Amino acid sequence: MGKSTVTTKDDAHALFHSLRAAYSATPTNLKIIDLYVMFAVFTALIQVGYMAIVGSFPFNSFLSGVLSCVGTAVLAVCLRIQVNKENKEFKDLPPERAFADFVLCNLVLHLVIMNFLG
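Residues numbered from 1 in each chain as written. Predicted model: local features only at pLDDT ≥ 70, side-chain atom pairs only at ≥ 80, totals over all residues. Heavy atoms only, no water.

### A word on the overall build of the protein
Turning to step 1, where the next piece is worked out: From N to C terminus, the protein includes four helices and zero strands.
Turning to step 2, where the next piece is worked out: Start at the N end of the protein and walk to the C end: the helices and strands fall as α-α-α-α.
Turning to step 3, where the next piece is worked out: Principal-axis analysis of the C-alpha atoms places the extent of the protein at approximately 60 × 45 × 20 Å.
Turning to step 4, where the next piece is worked out: Out of the 118 residues belonging to the protein, those deemed buried represent 21%.
Turning to step 5, where the next piece is worked out: As presented, the protein carries roughly 8900 Å² of accessible surface, and 72% of it is formed by carbon and sulfur atoms.
Turning to step 6, where the next piece is worked out: Considering the protein, the positive charge centre built from 9 side chains and the negative charge centre built from 8 side chains are found 6 Å apart. (Helix = DSSP H or I, 4+ residues; strand = E, 2+ residues; numbered from the N terminus. Buried < 20%, exposed > 50% of the residue type's maximum accessible area, 1.4 Å probe, protein only. Areas by Shrake-Rupley, 256 points an atom, 1.4 Å probe, with all protein chains shown as cover. Lys, Arg positive; Asp, Glu negative; His and termini not counted. Charge placed at Lys NZ, Arg CZ, Asp CG, Glu CD.)

### Regarding the packing of helix H3 (residues 59-83) against helix H4 (residues 95-117)
Each pair of packed helices can be summarised by the angle the axes make with each other and by the distance between the axes.
Turning to step 1, where the next piece is worked out: Running from amino to carboxyl end, H3 crosses H4 at an angle of 170 degrees, the nearest separation of the two axes being 10 Å. Classified by the angle between their axes, H3 and H4 sit roughly antiparallel to one another.
Turning to step 2, where the next piece is worked out: Each residue belonging to the contact of H3 with H4 can be placed in one class, and the counts come to 14 nonpolar, nine polar and one charged. (Axes fitted to C-alpha atoms, helices over the stretch in contact; angles between N-to-C directions. Parallel < 35°, antiparallel > 145°, perpendicular 65-115°, else oblique. Nonpolar A, V, L, I, M, F, W, Y, C, P; charged D, E, K, R; others polar.)

### Some remarks on a nonpolar patch on the surface
Turning to step 1, where the next piece is worked out: On the surface, a nonpolar cluster with roughly 380 Å² of combined accessible area is contributed by Tyr-50, Ile-53 and Val-54.
Turning to step 2, where the next piece is worked out: Examined against the element boundaries, Ile-53 turns out to sit in helix H2 (residues 28-54). (Patch = residues over 30% accessible without salt bridge, like charges linked within 9 Å, V, L, I, M, F, W, Y side chains within 5 Å. Salt bridge = Lys/Arg side-chain N within 4 Å of Asp/Glu carboxyl O.)

### A few points about the side chain of Thr-26
Turning to step 1, where the next piece is worked out: Considering the arrangement of structural elements, one finds Thr-26 in the loop between helix H1 (2-24) and H2.
Turning to step 2, where the next piece is worked out: On the basis of relative accessible area, Thr-26 is assigned to the buried category, the value being 16%.
Turning to step 3, where the next piece is worked out: A distance of 3.0 Å separates a polar side-chain atom of Thr-26 from the backbone oxygen of Tyr-23.
Turning to step 4, where the next piece is worked out: Apart from the residues within four sequence positions on either side, Thr-26 is in contact with Lys-31 and Arg-80. (Polar contact = N/O pair within 3.5 Å; in protein donor to acceptor, adjacent residues only side chain to side chain. Contact = heavy atoms within 4.5 Å.)

### Looking at the pattern of salt bridges
Turning to step 1, where the next piece is worked out: In this structure the tally under the stated criterion is two salt bridges.
Turning to step 2, where the next piece is worked out: Between Arg-80 and Asp-34 there is a salt bridge; the shortest N-O distance is 2.5 Å. Here Asp-34 lies in helix H2 and Arg-80 lies in helix H3, a separation of 46 residues in the sequence.
Turning to step 3, where the next piece is worked out: Taking the shortest distance from any N to any O, the salt bridge between Asp-101 and Arg-97 comes out at 3.3 Å. Of this pair, Asp-101 and Arg-97 both sit in helix H4, four residues apart, which is roughly one turn of that helix.
Turning to step 4, where the next piece is worked out: The exposure class assigned to Arg-97 is partly exposed, which follows from its relative accessible area of 48%.

### Details of the nonpolar core
Turning to step 1, where the next piece is worked out: Membership of the largest hydrophobic core is limited to eleven residues, which are Leu-30, Ile-33, Val-37, Ala-40, Ala-73, Leu-75, Ala-76, Leu-79, Val-83, Ala-98 and Phe-102.
Turning to step 2, where the next piece is worked out: Residue assignment for this core shows that the elements contributing at least two residues are H2, H3 and H4.
Turning to step 3, where the next piece is worked out: It is H3 that contributes the most residues to this core, five residues altogether.
Turning to step 4, where the next piece is worked out: Discounting chain neighbours no more than four positions away, the residues touching Val-83 are Asn-29, Leu-30 and Ala-98. (Core = buried A, V, L, I, M, F, W, Y, C linked by side-chain atoms within 4.5 Å.)

### Quick word on the packing of aromatic side chains
Turning to step 1, where the next piece is worked out: Throughout the structure, instances matching the rule amount to three aromatic pairs.
Turning to step 2, where the next piece is worked out: Consider the rings of Phe-99 and Phe-102, whose centres lie 6.1 Å apart with planes at 35 degrees: the pair is tilted. Placement of both Phe-99 and Phe-102 in helix H4 is noted, with a separation of three residues, approximately one turn of the helix.
Turning to step 3, where the next piece is worked out: The exposure class of Phe-102 is buried, given its relative accessible area of 12%.
Turning to step 4, where the next piece is worked out: Members of the aromatic cluster, each reached through a chain of ring pairs, are Tyr-36, Phe-99 and Phe-102. (Phe/Tyr/Trp six-rings, centres within 6.5 Å; stacked < 30°, edge-to-face > 60°.)

Encoded structure:
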């Protein structure tokens, strides 16, 4: 049983090292988008934790906040897919157009969320 634990630990270490090496080759603009996605998801998790501790009296506000964070994260992932140079599906799409789509979709998302708040 001890040998299996050692090989599992070595495999996990090798996997982590290969992922870290591959991510170090990622362009800076994609890393910035990744940080933005992590921030949006982290903010949604904080809101869920706050709701679990304090309560969800204005439930529309809770739903609006969480859906805003999740929707923004999804739109940022879509932006990352479109801006990535290694993605051949969007090779003809300029990054400026992808960013304009991101901004427009965020405006629509937040207008819907503001309308949902009442």
